[in-house]
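# Observations on the model geometry
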Amino acid sequence: KNGMNKKEEFEARKVVGDIYCFGARKFGKTKAVQELDLIVRLLNCEGANKIAFSSVDLIHLKQVLDPVKNSFGNHPILNHFKKSLKGSPDYHFLLRNGAELNSVNFNLNSTTPGRQWLGKHVPIIYIEEASMETDEVSDKRKDAISELGAIFRISGMTDFTPHSPA
């Protein structure tokens with residue numbers, strides 16, 4: 001094959017797969033790094049087929065995942081890839097190629113923020129509005145990473161607080 005073990009191969013994928021896109025409003029962070037990328041990722045999943053898409057609240061989850069769900073549900077080509085599509089509040093997409101997406105709501109105002117990370121163990125993590133993630137949510141996310149690690153596709157505003165993860 002390529003002479004690498006599973007961990008080395010995953011690390012090579014991570015080097016080219018991580019995206020940290022922070023910036024100002026209205027230049028396409030969400031559209032490019034989250035929505036469009038997610039559609040392509042779901043179609044081309046190879047090996048690492050479990051994906052978690054997370055955001056600060058249900059409003060932000062809907063902003064990205066409803067258009068993705070509608071694309072796979074209604075587009076004449078993408079529709080052939082869907083196996084099942086469950087929407088709000090707990091999104092779950094399963095495609096015929098084995099790709100699986102689950103949503104994670106930070107639930108910052110709940111008594112247990114970040115609880116939805118429990119039991120995920122995913123190799124691909126999308127984070128929308130990442131600057132809003134608290135230390136508590138970040139700690140729970142760290143426990144949800146697969147045994148090989150995780151590829152991060154992260155976007156958000158540059159409105160960091162003292163509690164934003166480093």
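That block above? That's the structure.
This report concerns the structure included in the present document. Quick caveat, the model's predicted, so the values are computed rather than measured. (Residues numbered from 1 in each chain as written. Predicted model: local features only at pLDDT ≥ 70, side-chain atom pairs only at ≥ 80, totals over all residues. Heavy atoms only, no water.)

### Points about the sheet that holds strand β4 (residues 92-95)
Adjacent strands of a sheet pair through backbone hydrogen bonds, lying either parallel or antiparallel. The mixed open sheet is built from seven strands, whose spatial order is β1-β7-β6-β2-β5-β4-β3. Across the chains shown, the open sheet's two edge strands, defined by having one partner strand only, are β1 (19-22) and β3 (82-86). Mean inter-strand twist for the sheet, computed between neighbouring axes without regard to direction, equals 10 degrees. Examined bridge by bridge, strand β6 (residues 124-127) and strand β7 (residues 151-156) share four bridges and lie parallel to one another. Counterpart to Ile 127 in the pairing with β7 is Ile 154. Across the sheet, helix α2 (residues 29-43) lies against β1, β2 (50-55), β4, β5 (100-105), β6 and β7, angled at about 155 degrees from β7, the strand it touches most. (Pairing = 2+ DSSP bridges. Helix = DSSP H or I, 4+ residues; strand = E, 2+ residues; numbered from the N terminus. Axes fitted to C-alpha atoms, helices over the stretch in contact; angles between N-to-C directions. Contact = heavy atoms within 4.5 Å.)

### Notes on the environment of Ser 138
Following the sequence through the fold, Ser 138 ends up in helix α4 (residues 135-142). By relative accessible area, Ser 138 is classed as buried at 3%. For the pair Ser 138 and Leu 108, spaced 30 residues apart in the sequence, the C-alpha separation amounts to 11 Å. (Buried < 20%, exposed > 50% of the residue type's maximum accessible area, 1.4 Å probe, protein only.)

### Notes on the side chain of Arg 41
As for its position among the elements, Arg 41 is in helix α2. Salt bridges are absent for the buried Arg 41, whose nearest opposite-charge side chain, Asp 37, sits at 4.7 Å. Those residues in contact with Arg 41 that lie beyond four places of it in its chain are Ile 51, Ile 124, Tyr 126, Ile 151 and Arg 153. (Lys, Arg positive; Asp, Glu negative; His and termini not counted. Salt bridge = Lys/Arg side-chain N within 4 Å of Asp/Glu carboxyl O.)

### Quick notes on the pairing of β2
Counting buried positions along β2 yields five of six residues, so the element is predominantly enclosed. Alignment of β2 against β5, held across six bridges, turns out to be parallel. In the sheet register, Ser 55 faces β5, and the bridge partner there is Asn 105. Relative to β6, β2 runs parallel, the two being bridged by four bridges. The residue bridging Ala 52 from the neighbouring strand is Ile 125, located in β6.

### Overview of unusual backbone geometry
Of note, the bond from Ser 88 into Pro 89 is cis; its omega dihedral lies within 30 degrees of zero at 5 degrees. Within the fold, Pro 89 resides in the loop between β3 and β4. If you check the backbone angles, Lys 26 has positive phi at about 65 degrees while not being a glycine. Here Lys 26 lies in the loop between β1 and α2. Here His 121, not a glycine, exhibits a phi torsion of approximately 50 degrees, which is positive. Within the secondary structure layout, His 121 lies in the loop between β5 and β6.

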